[in-house]
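Notes for the structure review
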Amino acid sequence: MALRKWRAFIVAGVWALGLAACGGGSGGSDGATASGRSAPTYAVGGTVAGLSAGPLVLSNGIDRFELTFDDEGVVKDRPFVVAHLPAGAGYDVQVAQQPAGVSCTVAGGQGEVPEAEVRDIQVICVKRKELSLLAGALPQYGAQDGHGLEAGFASPGAMTSDAQGNLYLVDANAVRKVTPSGVVITLAGVIDAPGRVDASGAQARFSAPSGIVADPSGRLFVADLGNDAVRSVAPNGDVATVGVQREQVAALLASLGQTKWINGAMARDGAGRLYFQTGDAWITMLAPDGGVTLRAGTSGTAFANTVLRISGLTAASDGTLYVVGRLSATYANNYGVVRLNRDDTVQVLRVFNDSRALGLAMGPDGSLWATVNQNQRTSRTVEHVAAQGGLMGRTAFPLPYGRVGNDLGAVTVAPDGRVFVIDRAQNTLMVSGASGEPATFAGNVARLGMVDGQGSEARFASLGAVARDSLGNLLVADGANGAVRRVSATGAVTTVWQAPGFLPGLSTPKAFGVAFGADDRAYVCTDDGLLLRIDAAGRATTLTKGCSPRFFFLDGAGQLTTANGCIQRYVEAENRWASVTCVNTDPAAASWALTAIDAVAPTARGYLVRDGVRLKWVDAVGHVFDLSTEMGEVDLFGDGRGSVVAVSDTRVMLLPDGERPAAVRLLDVATRTLPGALPTYVERPAAATLLDKRVVLTVGSAVYLVDL
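Residues numbered from 1 in each chain as written. Predicted model: local features only at pLDDT ≥ 70, side-chain atom pairs only at ≥ 80, totals over all residues. Heavy atoms only, no water.

1. With respect to the overall build of the chain
Summing up its helical and strand segments, the chain has three helices and 60 strands in all. For the chain, buried positions account for 53% of its 708 residues. A fraction of 49% describes how many contacts in the chain between residues 6 or more apart in sequence connect residues 24 or more apart. About 29,200 Å² of surface is accessible on the chain, with carbon and sulfur atoms providing 50% of the total. (Helix = DSSP H or I, 4+ residues; strand = E, 2+ residues; numbered from the N terminus. Buried < 20%, exposed > 50% of the residue type's maximum accessible area, 1.4 Å probe, protein only. Contact = heavy atoms within 4.5 Å. Areas by Shrake-Rupley, 256 points an atom, 1.4 Å probe, with all protein chains shown as cover.)

2. Topic: the pairing of strand S14 (residues 167–171)
Most of S14 sits inside the fold, with five of its five residues counted as buried. The alternating pattern of S14 places Leu 167, Leu 169 and Asp 171 and Tyr 168 and Val 170 on opposite faces, both of which are buried. Of the pairings in the sheet, the one linking strand S13 (residues 156–161) to S14 comprises four bridges and is antiparallel in character. Pairing of Met 159 across the sheet is with Leu 169, part of S14. Between the antiparallel neighbours S13 and S14 lie five residues, among them Gly 165 with a positive phi of about 90 degrees. The sheet contact formed by S14 and strand S15 (residues 174–178) spans five bridges and is antiparallel. In the strand pairing of S15, Leu 169 is matched with Arg 176. (Pairing = 2+ DSSP bridges.)

3. Re the pairing of strand S50 (residues 599–602)
Neither face of S50 is left uncovered, since the one carrying Ala 599 and Ala 601 and the one carrying Val 600 and Pro 602 both have all their residues buried. Pairing between S50 and strand S51 (residues 606–611): four bridges, direction antiparallel. From the neighbouring strand, Val 600 faces S51, where its bridge partner is Val 609. The antiparallel pairing of S50 with S51 creates a hairpin that spans three residues between the two strands.

4. Description of the sheet that holds strand S43 (residues 522–525)
Working definition: the strands of a sheet are paired by backbone hydrogen bonds and lie parallel or antiparallel to each other. Read across the sheet, four strands follow the order S42-S43-S44-S45 without closing on themselves; strand pairing throughout is antiparallel. Looking at which strands have only one partner, the edges of the open sheet turn out to be strand S42 (513–516) and strand S45 (540–545). Taking the axes of each pair of neighbouring strands and ignoring which way they run, one obtains an average angle of 25 degrees across the sheet. Both strand S44 (residues 530–534) and S45 contribute to a ladder of five bridges, which runs antiparallel. Bridging from a neighbouring strand, Leu 531 pairs with Thr 544 of S45. (Axes fitted to C-alpha atoms, helices over the stretch in contact; angles between N-to-C directions.)

5. Topic: the environment of Asp 527
Topologically, Asp 527 is positioned in the loop between S43 and S44. Excluding residues within four positions of it along the chain, Asp 527 makes contact with Lys 510, Ala 511 and Pro 549.

6. A closer look at the sheet that holds strand S24 (residues 292–296)
Spatial strand order, S21-S22-S23-S24: four strands in an open sheet with antiparallel pairing. For this open sheet the edge positions go to strand S21 (266–268) and S24, each flanked by a neighbour on one side alone. Strand-to-strand twist across the sheet, computed as the mean angle between neighbouring axes with direction ignored, equals 30 degrees. With five bridges joining them, strand S22 (residues 274–278) and strand S23 (residues 282–286) adopt antiparallel strand pairing. In the strand pairing of S23, Gln 277 is matched with Ile 283.

7. Considerations on the pattern of salt bridges
On inspection of all chains with the given rule, the structure shows 27 salt bridges. The salt bridge involving Asp 198 is made with Arg 231; its shortest N-O contact spans 2.8 Å. A residue pair is termed long-range when its members are at least 10 positions apart, and Asp 198 in the loop between strand S16 (183–189) and strand S17 (211–214) and Arg 231 in strand S19 (residues 229–233) qualify at 33 residues. A single network of salt bridges, built from pairs that share partners, joins Asp 519, Arg 521, Arg 533 and Glu 572. (Salt bridge = Lys/Arg side-chain N within 4 Å of Asp/Glu carboxyl O.)

8. A look at the state of the cysteines
According to the stated counting rule, one finds two disulfides in the structure shown. Residue pairing for Cys 525: its cysteine sulfur links by disulfide to Cys 547, the two sulfurs lying 2.2 Å apart. Between Cys 525 and Cys 547 the sulfur-sulfur dihedral comes to about 105 degrees; the bridge is accordingly right-handed. Note that Cys 525 is positioned in strand S43 and Cys 547 in the loop between S45 and strand S46 (552–554), a separation of 22 residues in sequence. On the basis of relative accessibility, which here comes to 5%, the residue Cys 547 falls in the buried class. Two residues, Cys 566 and Cys 582, share a disulfide whose sulfurs are 1.9 Å apart. Of note, the bridge from Cys 566 to Cys 582 carries an S-S torsion of about 100 degrees and is right-handed in sense. Of this pair, Cys 566 sits in strand S48 (residues 566–571) while Cys 582 sits in strand S49 (residues 576–582); the two residues are 16 residues apart in sequence, bridging distant segments of the chain. (Disulfide = S-S within 2.5 Å.)

9. What about helix H2 (residues 246–256)?
Turning to H2, its buried residues number three or more, namely Val 249, Leu 252, Leu 253 and Leu 256. The buried residues of H2 occupy one face: seen down the axis, they fall within an arc of 100 degrees. Facing away from the buried side of H2 by more than 90 degrees, the exposed set consists of Glu 247, Ala 254 and Ser 255. In this structure, the buried side of H2 is in contact with S22, S23 and S24. (Arc of directions from axis to C-beta.)

10. So, unusual backbone geometry
Unlike most non-glycine residues, Ala 172 shows phi in positive territory, near 60 degrees. Mapped onto the elements, Ala 172 comes out in the loop between S14 and S15. Judged by its relative accessible area of 18%, Ala 172 is buried. One non-glycine residue, Asp 354, adopts positive backbone phi at about 55 degrees. Topologically, Asp 354 is positioned in the loop between strand S28 (346–352) and strand S29 (355–362).

11. Re the side chain of Thr 284
Residue position: Thr 284 is located in strand S23. Of the polar contacts made by the side chain of Thr 284, one reaches the side chain of Trp 261; its length is 2.9 Å. Once residues within four sequence positions are removed from consideration, Thr 284 is found in contact with Leu 252, Trp 261, Leu 274, Tyr 275, Phe 276, Thr 278, Thr 293, Leu 294 and Arg 295. (Polar contact = N/O pair within 3.5 Å; in protein donor to acceptor, adjacent residues only side chain to side chain.)

12. So, the side chain of Glu 659
Along the polypeptide, Glu 659 turns up in the loop between strand S56 (651–655) and strand S57 (667–671). Polar contacts involving the side chain of Glu 659 include one to the main-chain amide nitrogen of Ala 604, which spans 3.4 Å. Of the polar contacts made by the side chain of Glu 659, one reaches the side chain of Arg 605; its length is 2.7 Å.

13. Overview of the nonpolar core
Core analysis: the largest hydrophobic core is formed by 28 residues, its most contacted members being Phe 460, Val 487, Val 645 and Val 703. Of all the elements in the fold, those that place two or more residues in this core are strand S11 (131–136), strand S38 (463–468), strand S39 (474–478), strand S55 (644–647), S56, strand S58 (687–691), strand S59 (694–699) and strand S60 (702–707). When residues of this core are assigned to their parent elements, the largest contribution, five residues, is made by S60. Those residues within four positions of Val 703 in sequence are excluded, and the remaining contacts are Ser 132, Leu 133, Leu 134, Ala 135, Phe 460, Leu 463, Leu 474, Val 476, Val 696, Leu 697 and Thr 698. (Core = buried A, V, L, I, M, F, W, Y, C linked by side-chain atoms within 4.5 Å.)

Shown next, in the form of structure tokens:
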């Protein structure tokens, strides 16, 4: 790989030197041809502007160009040459490495070399903007060690316990330990660093482990799903790969038509045999000598005819297996608990109607505990099932605030009888004992709610649409609270309106579109398409139907606008929606025609639309113009004054002139890294708007500002 370092003291004269070295401005440098005659090559490069940190690394194929700094400071514009290529060769100059705190984009970086130098590639760099919290708070997802509620989990999964009452769970790419008193430590691996390294503690690496068990000595065995391997973890955190007879594994997988051995759940019996879920519903067995065989799932057997998908697995000391998962049509495809005896006979112990059961554990007395999540989102329970069948008890767990659709996951039972459960809705570890209600044992992300107040003292549950009025006040849709909230320019939060009969944290979240009218009155588009006007006292007047909460805003002409197959403006005098233009579904439609409205935002004189991955502009009377610009699957938001904010999974970008995005550079104003959260778990901003020289973002349960 070629790597050339250029220093910032290289000034405009370097281009002339480069041309001289290439044989002059017209001919380029010579290279040998097949006939022995020389063929000219031409410099490919351009200028860099706005760079305030380094290094910046550009690439063209395998070639690299690195720009650093000298002691004299920063030169605003500087030429660079990233390659010398013959006429007709293609080039594709990209940013291979962004400088720290700076975001650079390449304009004109693709093309074919003419019989002349390419010197018009532009690299524009801007300082990456920081986010500041205006109101609310993000849930504290993370991986911090600590005691009880001071600790955090990122993505807790399978769980087990040892004879001393310690709990062990897999969390993203790490193994965490929780002591009987609730102290959480990371035993091995690193949450956000997948890999495969046998080492000790934080030097070790796992890749999305999916199962964990403990032997009587306290040694752990981990099903390392991403690496398709079995790993062991000693009590001191030393990690090793368990030896298996790989030829047996390969032959077994070939017979099953599978490419991966490990696919989820894991168990261990009293003889040290390990059991793994393979595919959807096979169970394979790893013997202590490394031999691997198929234990259950052969086509035509009672087990294969009963279990369609395994979600949890545990084993008795004698090798009797218990499975929770989705059952066959005989049981209406409900979830249930199945006992697999050593003679391969099967007994269905319990069927959970209209529910999903994800976790299964065996208690010290041989009874079973299963986590059960009702499909209608009305209950979450842990059921106590006898080893021979029959319900012994049921413990109800509260539904998470504002996240009705999230489940209870893994379960384990400590030697003292306490039942521990992973609450996947809030990434916490819950405990349920014989004498009390379920309680949070470790981890704390409960920062959701419906509290009016100032700044970070306010609470939201699930923010969506956002709009601004002429005074800088914001209107936000808080779907999980079924409410519309107002956020002042100083961060004061008040509730403007709430859907009648809505129970925050219990009712199904609502989707609202929100907008301020030209008179600064609040308007709401409900999830069933009703247009409401909200007065100062929070009373709603129903105006008409036909709006879409997904696309609802005030356009550049001061009219309420929606889009659902057609872009439509609200005609207040007639209380109806009037179409501006509609999607053309004719397969033979011209390339400039509007074939879909995947995203839309107001500009000063019309509407910017994403049609697939292409941007198109619709003027005020409905004419459609293809802007010949592709931006991928971005969401678009605007304030009707010209600028548009584009949001993708990884970036928030500003198009200073939304009507001519192909003619302007994109400003990277934010990344997924938000305060108080790991980048891997940050949500994509739900909506955006512009407020003076700032971008407003709604993210989860918080409102953020980005200064431009």
